[in-house]
Amino acid sequence: MDHVELTERQKKARRSRSVALGIVLACLVVLFYVVTIIKVGPGIFDRPM
Amino acid sequence: MAMTNDYKAPTMPAAGQVLDGDAGDFFALLKPRVMSLVVFTALVGLLMAPGEIHPVLGFIAVLSIAVGAGASGALNMWYDADIDILMGRTAKRPVPAGRISADATLAFGLFLSVFSVAMLGLMVNWLSAGLLAFTIFFYAVVYTMWLKRSTPHNIVIGGAAGAFPPIIGWACVTNSISIESIALFAIIFLWTPAHFWALALFKAEDYGRAGVPMLPNVAGERATKTQIVIYSVLTAVSGVVPTLMGFAGIAYGVVAALLGVAFIWYAVQVWRMADGDKKMIPAKKLFGYSLLYLFGIFTALLVDALVTKFFGVVV
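Cut-offs and rules
The written sequence of each chain sets the order in which its residues are numbered from 1. Each chain is given a letter, starting from A, and each ligand a number, starting from 1, according to the order in which they appear as written. Only residues with pLDDT of at least 70 get local features here, since the model is predicted, and only at 80 or more are side-chain atom pairs given and counted; chain-wide, interface and lining totals rely on the full set of residues. Derived side-chain values reflect all non-hydrogen atoms in the structure, with water molecules and hydrogen atoms excluded from consideration. Secondary structure elements follow DSSP: runs of H or I of four or more residues count as helices, runs of E of two or more count as strands, with numbering from the N terminus. The quantity called the radius of gyration is restricted to C-alpha atoms. Its globule counterpart is 2.2 Å times the number of residues to the power 0.38. Think of it in three bands: with a 1.4 Å probe and only protein chains considered, a residue is buried below 20% of the maximum accessible area for its type, exposed above 50%, and partly exposed in between. Pairs of residues are marked as contacts when any of their non-hydrogen atoms sit within 4.5 Å. Areas reported here follow the Shrake-Rupley algorithm with a probe of radius 1.4 Å; residue values treat only the protein chains shown as occluding. Only four residue types enter the charge count: Lys and Arg as positive, Asp and Glu as negative, with His and the chain ends excluded. For the purpose of locating charges, the reference atoms are NZ of Lys, CZ of Arg, CG of Asp and CD of Glu. Two rings from Phe, Tyr or Trp (for Trp, the six-membered ring) form a pair when their centres sit within 6.5 Å of each other. Planes less than 30 degrees apart are called stacked, planes more than 60 degrees apart edge-to-face, and all others tilted. In short, buried area is how much 1.4 Å probe accessible area vanishes from two parts on joining, totalled over both. By convention in these notes, a salt bridge is any Lys or Arg side-chain nitrogen within 4 Å of a carboxyl oxygen on Asp or Glu. In protein, a polar contact requires one atom able to donate a hydrogen and another able to accept it; more generally it is a pair of N or O atoms within 3.5 Å, and residues adjacent in sequence count only if both atoms are side-chain atoms. Each residue gets one of three labels, nonpolar for Ala, Val, Leu, Ile, Met, Phe, Trp, Tyr, Cys and Pro, charged for Asp, Glu, Lys and Arg, and polar for the others, Gly among them.

1. Details of the overall build of chain B
- Assigned secondary structure in chain B consists of 14 helices and 0 strands.
- Scanning chain B from its N terminus toward the C terminus, one meets helices and strands in the order α-α-α-α-α-α-α-α-α-α-α-α-α-α.
- A globule of 315 residues ought to have a C-alpha radius of gyration of about 20 Å, and chain B, at 20 Å, matches this closely.
- The principal-axis extent of the C-alpha atoms belonging to chain B is close to 60 × 50 × 25 Å.
- Looking at chain B residue by residue over its 315 residues, the buried ones come to 53%.
- In chain B, once contacts between residues fewer than 6 apart in sequence are set aside, the share between residues at least 24 apart is 75%.
- Looking at chain B as shown, the accessible area adds up to about 13500 Å², and 70% of this sits on carbon and sulfur atoms.
- The centroid of the 19 positive side-chain charges in chain B is displaced by 7 Å from the centroid of its 16 negative side-chain charges.

2. Examining the packing of aromatic side chains
All names here are of chain B.
- Applying the stated criterion across every chain, the model contains 16 aromatic pairs over all chains.
- Between the aromatic rings of Phe185 and Phe189, the centroid separation amounts to 5.6 Å while the plane-to-plane angle is 15°, which identifies the pairing as stacked. Highlighted residues: Phe185 and Phe189, both in helix α9 (residues 179-202), separated by 4 residues, approximately one helical turn.
- Residue class for Phe189 comes out partly exposed when judged on its relative accessible area of 25%.
- Here the aromatic residues Phe134, Phe138, Phe164, Phe185 and Phe189 are joined through ring pairs into a cluster of three or more.

3. Here's the deal with the interface of chain A and chain B
- On the side of chain B, 18 residues touch chain A, which itself brings 15 residues to the contact.
- When the buried area of chain A at its contact with chain B is split by residue, Arg17, Leu31 and Ile38 of chain A rank highest and sum to 32% of it.
- The interface formed by chain A and chain B includes 0 salt bridges.
- Summed over the shared surface of chain A and chain B, the result is 3 residue pairs in polar contact (both at pLDDT 80 or more).
- Classifying every residue of the side of chain A that touches chain B by side-chain character gives 10 nonpolar, 2 polar and 3 charged.

4. Some thoughts on the environment of Gly24 of chain B
All names here are of chain B.
- Looking at the element boundaries, Gly24 is found in helix α1 (residues 23-28).
- Taking the relative accessible area as the measure of exposure, Gly24 reaches 43% and is therefore partly exposed.
- Between the C-alpha atoms of Gly24 and Met214, which are 190 residues apart in sequence, the distance is 30 Å.

Encoded structure:
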């Protein structure tokens, strides 16, 4: 089975992409939470079981 | 078209080759400088619109428009990689420079297109989302894939894509398209030809090498200069329309008129420039000033809107 050996530069680029993606995802979680509260308000917790 | 024989085009990376594009390269695919203009004009449209939007939703609206504009930039870079590699101005972009593959760029552009439209639709309203989707389609398909390589009027019609952001910003607040937002659209639409033809004059060799039929390469310098003057007059007139229509104040109108007169003056300097001039200094000055002009007009509109909104004073 062939393996692709990444160069140091490629490893550094991959790390950079992973960090950026992590930051973007974390921001989206916060954003979606805030927007849910704004659009639906506290009523989101007030649902019939 | 102007062609040179001493240029050696670099080669694109082979398919399947592992590339080393980092997060900065992916960000470059979004054309951040174009995006900054889109963000600014969309924000002005949003703040000028009658009505209110929650600040967080306003932020999401501008963010979605920015991401959508970036997505269309990525799709443009995916499709145009074959000609970008032939032009000095664009050869260092991530795809032609071999840092990001064309496939990854296409996937990135498509994902961001869908994501930005969905985010705007779900969180703000579906009219603005539809307009954003149309803008991305217009830039990526109508301009990039069709007009750019087929007609010297490519940027006249294609300029509509860059002119939509204030209409989208306005629609985010009002859920409608109004004559006022169309007036903002007209300013950018009429500004685009003079801006790009100034660039095309001093980059004619680049465009000729890539086979892009820009006006100077097809109709010649003289005809291009005349068109630049005509569009600079139309731009200057469109700049004062918000005051004439009554949705911007007199102070804005005076600033817009002065900026417009200067725009025409720079265009006339280009018209007076000798054909075959190698340095093209008046064209470079017009290109630089045109950016300043658009920034100045929309800054003045922003100030006008903020003063009216928060102090209730029409200046």
